[in-house]
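# Structural overview for review
Chain residues, written in single-letter form:
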Amino acid sequence: MSAQLVAKCIGLVSAALINRFALTDSSLQSGIPKRSDEEKVRFCAANNADLYRAIFRAHGLPDQRTSAFWSSDAIAPPYYSNMTTLDRDATQEQLIEIDRLTDRLGRRPGIKDGFSKLDLNNNGFRLLFSASWIWVEPHKSSSSAPQGWVRVREAAALDRWERSWKESGSPTDANVFTPALLSDPDMHIYGRLAGDGFDAGCIANRSPQVVGISNIFSLAGTPQAFHDAISLATIAFAADLPLVGYDRGEVLDEMKKLGFKPVGQLRIWLSDEGA
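Residues numbered from 1 in each chain as written. Predicted model: local features only at pLDDT ≥ 70, side-chain atom pairs only at ≥ 80, totals over all residues. Heavy atoms only, no water.

### Here we look at the overall build of the protein chain
Check the secondary structure of the protein chain and you find 7 helices and 11 strands. When the 275 residues of the protein chain are sorted by exposure, 51% land in the buried category. Considering only residue pairs separated by 6 or more positions, the protein chain has 71% of its internal contacts joining residues 24 or more positions apart. Taken as a whole, the protein chain presents about 12600 Å² of accessible surface, with 48% of it coming from carbon and sulfur. (Helix = DSSP H or I, 4+ residues; strand = E, 2+ residues; numbered from the N terminus. Buried < 20%, exposed > 50% of the residue type's maximum accessible area, 1.4 Å probe, protein only. Contact = heavy atoms within 4.5 Å. Areas by Shrake-Rupley, 256 points an atom, 1.4 Å probe, with all protein chains shown as cover.)

### Describing the packing of aromatic side chains
A full pass over the atoms with the stated rule returns 10 aromatic pairs. With centroids separated by 5.8 Å and ring planes inclined at 85 degrees, the aromatic side chains of Tyr79 and Trp165 adopt a geometry described as edge-to-face. Here Tyr79, found in the loop between strand E2 (69–71) and strand E3 (83–85), pairs with Trp165, found in helix H5 (residues 155–167); they are 86 residues apart in sequence, far enough to count as distant. On the numbers, 4.8 Å between centres and 85 degrees between planes, the contact of Trp165 with Phe177 is edge-to-face. Of this pair, Trp165 sits in helix H5 while Phe177 sits in the loop between H5 and strand E7 (187–194), and the two are 12 residues apart along the sequence. Here Trp165 matches Phe177 in class, with each residue buried. Through successive ring pairs, a cluster of aromatic residues spans Tyr79, Trp161, Trp165, Phe177 and Phe217. Taking NZ or CZ as reference, Arg248 lies 4.2 Å from the ring centre of Phe129, over its face. (Phe/Tyr/Trp six-rings, centres within 6.5 Å; stacked < 30°, edge-to-face > 60°. Lys NZ or Arg CZ within 6 Å of the ring centre and 35° of its normal.)

### Looking at helix H6 (residues 224–235)
Helix length check: H6, at 12 residues, gives a terminal C-alpha distance of 17 Å against a target of 16 Å (1.5 Å per residue), a fit within 8%. In terms of burial, H6 is largely enclosed, as 10 of its 12 residues are buried. Listing the buried residues of H6 in full gives Ala225, Phe226, His227, Asp228, Ala229, Ile230, Ser231, Leu232, Ala233 and Thr234. (Expected span 1.5 Å × (residues − 1).)

### Overview of the sheet that holds E3
Strand order across the open sheet formed by 11 strands is E1-E2-E3-E4-E11-E5-E10-E9-E8-E7-E6, with mixed pairing between neighbours. Only two strands of the sheet have a single partner each, and these edge strands are strand E1 (64–65) and strand E6 (149–151). Here 5 bridges tie strand E5 (residues 125–136) to strand E10 (residues 243–247), and the two strands are oriented antiparallel to one another. Among the inter-strand pairings, Ile134 is bridged to a residue of E10, identified as Gly245. Lying on the sheet, H6 is in contact with E6, E7, strand E8 (197–206), strand E9 (211–218) and E10; it crosses E9 at an angle near 155 degrees. (Pairing = 2+ DSSP bridges. Axes fitted to C-alpha atoms, helices over the stretch in contact; angles between N-to-C directions.)

### Considerations on the side chain of Gln94
Tracing the chain through its elements places Gln94 in helix H4 (residues 91–105). Among the residues examined, Gln94 registers a relative accessible area of 1% and is labelled buried. Sequence-distant contacts of Gln94, that is, excluding residues within four places in its chain, are made with Ala68, Phe69, Met83, Thr85, Leu86, Asp87 and Leu118.

### Digging into the nonpolar core
Residues Tyr80, Val152, Trp161, Phe177, Leu181 and Ile189 are the most contacted members of the largest nonpolar core, which totals 39 residues. Put simply, the parts of the chain that give this core at least two residues each are helix H3 (37–58), E5, H5, E7, E8 and strand E11 (261–271). Looking at this core, the element that brings in the most residues is H3, giving 11 residues. Grouped together as the second largest cluster of nonpolar side chains are 23 residues, Ala225, Leu232, Ala233 and Val251 included. (Core = buried A, V, L, I, M, F, W, Y, C linked by side-chain atoms within 4.5 Å.)

### Section: the pairing of E11
Pairing geometry for strand E4 (residues 111–113) and E11, over 3 bridges, is antiparallel. Bridging across to E11, Ile111 finds its partner in Trp269. Bridge count for E5 against E11 is 10 bridges, and the pairing is antiparallel. When the bridges of E11 are listed, Leu127 appears paired with Trp269.

### What about the confidence of the model for the protein chain?
On average, residues of the protein chain carry a pLDDT of 88, and 86% of them reach 70 or more. In this model, residues 1–28 is a region of pLDDT below 50 whose contacts with residues beyond four sequence positions or in other chains number 57 contacts. (pLDDT = per-residue confidence, 0-100.)

Below is the structure:
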């Protein structure tokens, strides 16, 4: 799905979503911890690393994590990097790990710099894109799933879900989402039923402080799909946890209309070989 179509869809539901999730209970507002944007970015980056760990381990791939980074020596699944950074000030450790991964893999790895602190232009990398981490505080929401949506629990259903995900604009011949994810208690995969498959979907993943929302797609292009995905992420684990993710361009502009706030920048780097 194009960014323009996504933006149009999200824009149509902005008012409805904001009205539904308006914080009208002053006691709820007073219970929200006060966090700086720097702290929020750390939580966003950590949640994204949790998602990476789940995806890699579901493939049976090794990974390691320090206070400075998450990384894997294995060939990454499509659309995933070999390293994500977790500390804005640990650039020296991160550069050392990039060199180690390059030696181990025999090529320069994909890097997600969660704090936009690494300048890799002169290290054989090219910038793929920049984006913003986004954050929205806990909202009131219905305790039931939106109509037509189900949690994906079986391998056959996951295969149908992934086919729709690929069709929506993430083409690859490889399987990115393996059945092992379905038994991960911190990962929920949701889809909206359509015939014998799905026409929309999303993933919610839980960390101790936040819930991440990612991989939102809609084949039908209906604005309700985006509204429903955010509702599902809100109720997936604990309604008192903030929602986080990252976006860019027109989609970021529309997400801000839904109440999400940019809290920091990230950058994706790829090898410049063959660029």
